[in-house]
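# Chain and residue survey
In case you want the letters, here they are:
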Amino acid sequence: MNKLGIYVHFPFCRSKCGYCDFYSKSCTDGFFTDYTRSLIRSIVAFKPNAEGYTVDTVYFGGGTPSLMSMGEFSAIRRAIRPYGLDGLSEFTFEANPGTVSFEKLRHLRFWGVDRLSFGLQSGVDSELATLGRIHTSSEAADAFGLARRAGFENISLDLIYGIPGQTKESLDRSIDLALSLSPEHISFYGLKIEPGTPFFGRYTEDDDLQAELYLHGAERLKAAGYEHYEVSNFARPGFRSKHNMRYWTLEEYIGFGPSAHSLFKGRRFYHPNDLESFSSEIEEGPFEPEKEYIMLGLRTSDGVKKELLTDAQKAVLKKYSPYVIDSGESISLNAEGWLISNRIISELI
Amino acid sequence: MPHDIKKIRNFSIIAHIDHGKSTLSDRIIDACGAVSARDMTDQVLDNMELEKERGITIKARAVTMTYKADDGESYLFNLIDTPGHVDFNYEVSRSLRACEGAVLVVDASQGVEAQTLANTYLAIDSDLEIVPVINKIDLPAADPERVKKEIEDIIGLPADDAPCISAKQNINIHDVMEKVVRDVPPPSGDPDAPLRALIFDCQYDAYRGIIVYIRILDGSVGAGDSILMMNRDSRYEVVEVGHMLPIGVSPCERLMPGEVGYITASIKALRDVEVGDTVTSLEHPCSEPLPGYRKAQPMVFSGVYTADGSKYPDLRDALEKLQLNDASLTFEPESSIALGYGFRCGFLGLLHMEIIQERLEREFDLDLITTAPSVVYKILLTNGEERTIDNPLNYPDPSIIDTAFEPFVKASIITPPEYVGNIMDLCTERRGIYNGMDYLDPTRAEMHYELPLNEIIYDFFDALKSRTRGYASLDYEICDYRPSKLVKLDVLLNGDTVDALSFIVHADKAYPRARRIAEKLKDNIPRQMFEIPVQAAIGGKIIARETVKALRKDVLAKCYGGDITRKKKLLEKQKEGKKRMRGLGTVDVPQEAFMAVLKLDE
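From a predicted model like this one, the values you see are computed outputs, not experimental measurements. (Residues numbered from 1 in each chain as written. Chains lettered and ligands numbered in written order. Predicted model: local features only at pLDDT ≥ 70, side-chain atom pairs only at ≥ 80, totals over all residues. Heavy atoms only, no water.)

### Examining the overall build of chain A
Counted only if it meets this: Secondary structure is summarised from DSSP: a helix means a run of H or I of at least four residues, a strand means a run of E of at least two, and numbering begins at the N terminus for each. For the exposure calls, accessible area comes from a 1.4 Å probe over protein chains only, and a residue counts as buried if that area is under 20% of its type's maximum, exposed if over 50%, partly exposed in between. What sets the accessible areas is the Shrake-Rupley method with a 1.4 Å probe; for residues, cover comes only from the shown protein chains.
Looking only at helices and strands, chain A has twelve helices and 17 strands in total. Across the 349 residues in chain A, those meeting the buried criterion constitute 57%. Carbon and sulfur atoms make up 51% of the accessible area of chain A, which amounts to about 14200 Å² in all.

### Here's the deal with the pairing of strand β26 (residues 486–493) of chain B
In the case of a regular strand, side chains alternate between the two sheet surfaces. Residue and element names in this part refer to chain B. To keep it simple, the criterion reads: Two strands pair under a simple rule: DSSP has to find at least two bridges between them.
Of all the eight residues making up β26, seven are buried; the element is thus mostly covered by neighbouring parts of the structure. As paired elements, β26 and strand β29 (residues 532–538) share five bridges and run antiparallel to each other. Bridge assignment links Leu 489 to a residue of β29, and that residue is Ile 538. Hairpin connection of β26 to strand β27 (residues 496–497): two residues between the antiparallel strands, including Asn 494 at a positive phi of 50°.

### Let's talk about the pattern of salt bridges
Stated formally: For this document, the term salt bridge refers to a Lys or Arg side-chain nitrogen within 4 Å of an Asp or Glu carboxyl oxygen.
Applying the stated criterion across every chain, the model contains 56 salt bridges over all chains. Note that Arg 240 of chain A is salt-bridged to Asp 302 of chain A, the shortest N-O span being 3.1 Å. Of this pair, Arg 240 of chain A sits in the loop between β10 (233–235) and α8 (242–248) while Asp 302 of chain A is found in the loop between α9 (289–297) and β15 (304–305), placing the two residues 62 residues apart along the sequence. Assessed through its relative accessible area of 41%, Asp 302 of chain A is described here as partly exposed. Among the ionic contacts, a cluster of salt bridges with common partners joins Arg 268, Glu 288, Lys 291 and Glu 292 of chain A together with Lys 568 and Glu 572 of chain B.

### A few points about the sheet that holds strand β14 (residues 260–264) of chain B
All names here are of chain B. Selection criterion: An axis is simply a line fitted to the C-alpha atoms; with a helix, the fit covers only the stretch in contact. Between two such axes, the angle follows the N-to-C directions and lies from 0 to 180 degrees.
Strand order in this open sheet of eight strands is β10-β9-β15-β6-β7-β14-β11-β12, and the pairing throughout is antiparallel. Single-partner strands in this sheet number two, and they are β10 (234–237) and β12 (249–252). On average, each strand axis in the sheet is inclined to that of its neighbour by 40°, with strand direction left out of account.

### Notes on the interface of chain A and chain B
Keep this limit in mind: What makes two residues a contact is simply this: any of their non-hydrogen atoms within 4.5 Å. Note on definitions: buried area is the accessible-area loss of two parts on being combined, 1.4 Å probe, summed for both. Residues were grouped as follows: Ala, Val, Leu, Ile, Met, Phe, Trp, Tyr, Cys and Pro as nonpolar; Asp, Glu, Lys and Arg as charged; and all remaining residues, including Gly, as polar.
Tallying the contact residues gives 40 residues for chain A and 27 residues for chain B. Roughly 3300 Å² is buried in total at the junction of chain A and chain B, and carbon and sulfur atoms are behind 55% of that figure. One can count eight salt bridges joining chain A with chain B. For Glu 292 of chain A, the salt bridge is made with Lys 568 of chain B, and the minimal N-O distance between the two is 2.5 Å. Those elements giving two or more residues to the side of chain A that touches chain B turn out to be β8 (185–190), α7 (207–223), α8, α9, α11 (335–339) and α12 (341–348) of chain A. A per-class count over the side of chain A that touches chain B returns 18 nonpolar, ten polar and twelve charged.

### Considering empty space enclosed by the protein
All names here are of chain B. Selection rule: The rule is simple: put a 1 Å grid over the protein atoms alone, call a set of points where a 1.4 Å probe fits but cannot get out a cavity, call an open set with protein on both sides within 12 Å along at least five of seven lines a pocket, and count a residue as lining if it has an atom within 4 Å of a point. Grid points are joined across faces, edges and corners, and a volume is the space filled by probe spheres set on the points.
The full count for this structure, using the stated rule, is five cavities of 30 Å³ or more. Each pocket or cavity is described by its volume, and for the largest cavity that value is around 70 Å³. Tyr 305, Glu 334, Ser 336, Arg 344, Thr 371, Ala 372, Asn 391, Pro 392, Leu 393, Asp 499, Ala 500 and Ser 502 together form the lining of the largest cavity. Class assignment of the residues belonging to the lining of the largest cavity gives a composition of five nonpolar, four polar and three charged.

### What to know about the nonpolar core
The following threshold applies: For the purposes of this section, nonpolar cores are sets of buried Ala, Val, Leu, Ile, Met, Phe, Trp, Tyr and Cys residues that join through side-chain atoms within 4.5 Å. The split into domains, and so the bounds of each, comes from an automatic or database assignment of domains.
Of all hydrophobic cores here, the largest spans 103 residues; its most connected members are Ile 6, Phe 60, Phe 73, Ile 80, Tyr 83, Phe 118 and Phe 152 of chain A. Counting only domains with at least three residues in this core, you end up with domain 1 (2–247) and domain 2 (288–349) of chain A. If near-sequence neighbours (up to four positions away) are discounted, Phe 152 of chain A is found in contact with Leu 105, Leu 108, Arg 109, Val 113, Asp 114, Arg 115, Leu 116 and Ala 147 of chain A. Ile 413, Leu 453, Ala 518 and Leu 521 of chain B belong to the second largest nonpolar core, which has 84 residues in total.

### Some points on helix α10 (residues 311–319) of chain A
All names here are of chain A. Definition in use: Directions drawn from the helix axis to the C-beta atoms are what define this arc.
Within α10 the residues assigned to the buried category are Gln 313, Val 316 and Leu 317. Looking down the long axis of α10, one finds its buried residues gathered within 100° of arc, a one-sided arrangement. Turned more than 90 degrees from where α10 packs its buried face, Asp 311, Ala 312, Lys 318 and Lys 319 sit exposed. Check the buried side of α10 and you find it contacts α9, β16 (324–326), β17 (330–333) and α12.

### Comments concerning the pairing of strand β6 (residues 115–121) of chain A
Residue and element names in this part refer to chain A. Here is the rule: Assignment of crossover handedness uses the view with strands pointing away from the viewer, where a clockwise path from the first strand over the helix to the second indicates a right-handed crossover.
Counted residue by residue, β6 has seven buried out of seven residues, so it is predominantly covered. Residues Arg 115, Ser 117, Gly 119 and Gln 121 of β6 are buried on one face, and the alternating residues Leu 116, Phe 118 and Leu 120, pointing to the opposite face, are buried as well. Where strand β5 (residues 90–95) and β6 come together, four bridges link them in parallel fashion. Following the sheet pairing, Phe 93 is matched in β6 by Leu 116. Each parallel crossover has a hand, and for β5 linked through helix α3 (residues 102–110) to β6 it is right-handed. Where β6 meets strand β7 (residues 155–161), four bridges bridge the pair, whose relative direction is parallel. Bridging across to β7, Ser 117 finds its partner in Ser 156.

### A word on the sheet that holds strand β3 (residues 74–81) of chain B
Residue and element names in this part refer to chain B. An order of β2-β3-β1-β4-β5 is seen for the five strands of this open sheet, with the pairing classed as mixed. Single-partner strands in this sheet number two, and they are β2 (62–68) and β5 (129–135). Taking each pair of neighbouring strands and ignoring which way they run, the sheet shows an average axis angle of 30°.

### What to know about helix α5 (residues 144–155) of chain B
Residue and element names in this part refer to chain B. Put simply, the rule is: For a helix, the expected span equals 1.5 Å multiplied by the number of residues minus one.
End to end, α5 covers 16 Å across twelve residues, agreeing with the expected 16 Å (1.5 Å per residue, within 8%). Buried residues of α5: Val 147, Lys 148, Glu 150, Ile 151 and Ile 155, and no others. Buried residues of α5 fall within an arc of 155° about the axis and therefore sit on the same side. Exposed and oriented more than 90 degrees from the buried face of α5 are Glu 145, Lys 149 and Asp 153.

### Quick word on the environment of Glu 347 of chain A
Let me state the cut-off plainly: In protein, a polar contact requires one atom able to donate a hydrogen and another able to accept it; more generally it is a pair of N or O atoms within 3.5 Å, and residues adjacent in sequence count only if both atoms are side-chain atoms.
Tracing the sequence through the fold places Glu 347 of chain A in helix α12. Between the C-alpha atoms of Glu 347 of chain A and Gln 313 of chain A, which are 34 residues apart in sequence, the distance is 8.2 Å. Here Glu 347 of chain A is in contact with Val 316, Lys 319 and Tyr 320 of chain A together with Lys 575 and Lys 578 of chain B, once residues within four sequence places are set aside. Of note is the side chain of Glu 347 of chain A, whose polar atom sits 2.8 Å from the side chain of Lys 319 of chain A.

### Brief notes about unusual backbone geometry
That bond from Gly 62 of chain A to Gly 63 of chain A is cis: its omega, 15°, falls within 30 degrees of zero. Inspection of the secondary structure puts Gly 63 of chain A in the loop between β4 (53–62) and α2 (70–80). Despite not being glycine, Asp 233 of chain B shows a phi value in the positive range, around 55°. Tracing the sequence through the fold places Asp 233 of chain B in the loop between β9 (226–229) and β10. Residue classification places Asp 233 of chain B among the partly exposed residues on the basis of a relative accessible area of 45%. One non-glycine residue, Asn 494 of chain B, lies in the positive phi region at around 50°. Here Asn 494 of chain B shows up in the loop between β26 and β27. For Asn 494 of chain B, a relative accessible area of 28% gives the class partly exposed.

These figures come from the coordinates and say nothing about function on their own.
Right, here's the structure in full:
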């Protein structure tokens, strides 16, 4: 049996954050039953293509999936079940700390969700306000406690560096808060100011400061026992995100919902960014395994196998030797290397 | 079917830039039914992509069409389009030599502008009958009566019965056509005399060889004739003759006196054809060639290199082909330590330079790097020798220079009076010498200046436009060379002099310019793996310094399922960008950095 990852996109938020360029709409609860219905239809319709597959990982992302009612959640899960959930090794649900209740978390846990990903983003309330988050840091800590009580033993927290006004000291306070909660996994993202977002034009990225914050944060998380296993991801041993690892190791996955991408049977394809027409339209993106292996493999601490590199690629990596870790069999980048990985990878592909 | 010479009208349209010349051309073509509505895209005559985009005419075009006039007769109209910018005077005079008349288009609200005058004088010099036309009468600010008076007062042409039209709204175009029939004299010429034809343009065609555009003065020419191009002494057998239509061509048996048309003769060698040359019959040559064109003097020189050094032969081919229909372009091989092999090209002005660059990039698919433009300096050495310098690389060591001379121009700037102060400030900044001012009428002043050419080749025109909200116009001509305090400014990247960035500047301007250049380079050179000092120096002395900081961060923080395709494209684009950069020693410099140095006033 081939293994498959399933991604379900839930493109709704209670309010849109100022930096976010993901496809999502602001809305209130209960608005999206139409959406759920078409999502379920597309999951059911795709099933015949996935004969001979069994599901390895499921990931509900968004948007804010924790806004969906538990009735909707159960209905979507029921649509996925025929894909084969017996061998499921990870079931992640993204949650906004401002939108969870104990009952909701119990429900998710009961129906097989075993990993939560909380968008903490910062432990400093003024920074949360700048970002446009709907929760405070103490609400986030409370939500984390609820999740533990509801039986979640694998929880991830998102943190952002490069928030306007953030300093090394305030980042330390965020990291302190995160570490005090003792999550199994931490995603540590640089703020990217994208065209079309409210942040664009209002703030600019300070590359030097971001570089400093990144290296400092990575150092602290490593010291606290987290393995830096991908550019922006840290995990306690055994707690890497299995679903996300599929993306970086070119394993197959299917994405449902607008803007959700799939890699399946040697093709990349995706549904357009449109709530009305996503289920009927599919666009193709080229799948170039050699290039993508380099581009994605070098994002992880596992790196790329030397035997798969050309001499020219090896020569480029040699030029960047202070940024490269050579384990004998494979080559990966260190944290400084990841910071300039676009420069290195664009020379390799 | 040979056409009655009395029923031929050869004319150009001349105008100040943006007064509506191209639109009027379209209307005239339209009125002759020469193009079907479907093909009638705007401005059919401007068939270079670049011309359409910029909305200006660069190359003269000629078309032949038939007009059925009110007198019931059919006339053969040959319309020759001309460029309107000051840089292209040379092209205008070329076009005018093939005509008997010129339609002078004047904007009904803006009135007579600098270029209106310059073009009118060129037309008068060529003995053309001038038909004034007032355009854009549909605009709210239109004041045709005032403009008519201007034409009479300033140009000295009777304009009482000048057609008042709107080319855009297709109003009164018919009047223009009838005026052309009535006022433009028919050509004269002896069909039995030996062939005498003027080459007024040509173009390279990959299949048919060089297409030569001619105006027949005497005799006739047809397929199978043996011809001689007198100045170049090249001989060919004619393959085809015909007329140029707005779209495509129409071959015919013979071209007769007074007609405008084309010849093909499988001419492959670019050097065999020269615009301005005389075509005659090999068997019965005419006794004397026509007087050639005034050779345009290039005034601005710049090094042109391909971003990819191996494309050097392609650049040479492209320049040869462009030169064929733009004789004002000159080029000679040069080499630079930084950029390798390239060409020193001479241009009529800065706009001409930009147009040539864009044509090279678009029509020949080349990525170019151009060096800062330079004018021609004359240097008297202490040993009495005199040198002409159009390339900063050849600038002599200051210790052997006795006196340096730089070219000055006489400039005339026409502007609404409220901007006079701004223009005076600008010209003072540019070392201008004020020579007085005339009021053309209460709303327009003409200011006279003498300016060093090297102060106006960079961005003077842009600065003038921005300080007068686009109202002022500039015309200039070279007057003389004057002694000047010049220095050569060098630029160093990471400690190494980049010869391609050196330029010559007036000593008083050296410091501010050096600072601006260092800043501009800092802003346009992407961060690299190490810190890069950017320095400007005179002789060995550093007078400005900036630093491009080392690259600290260039990473895609998030890369999940949906991001992979998009981010792969991003990385590929970055790779392409890197390819287009030029490695100067240890530093990668993008094309934009070279261009940015040219535009210091922004």
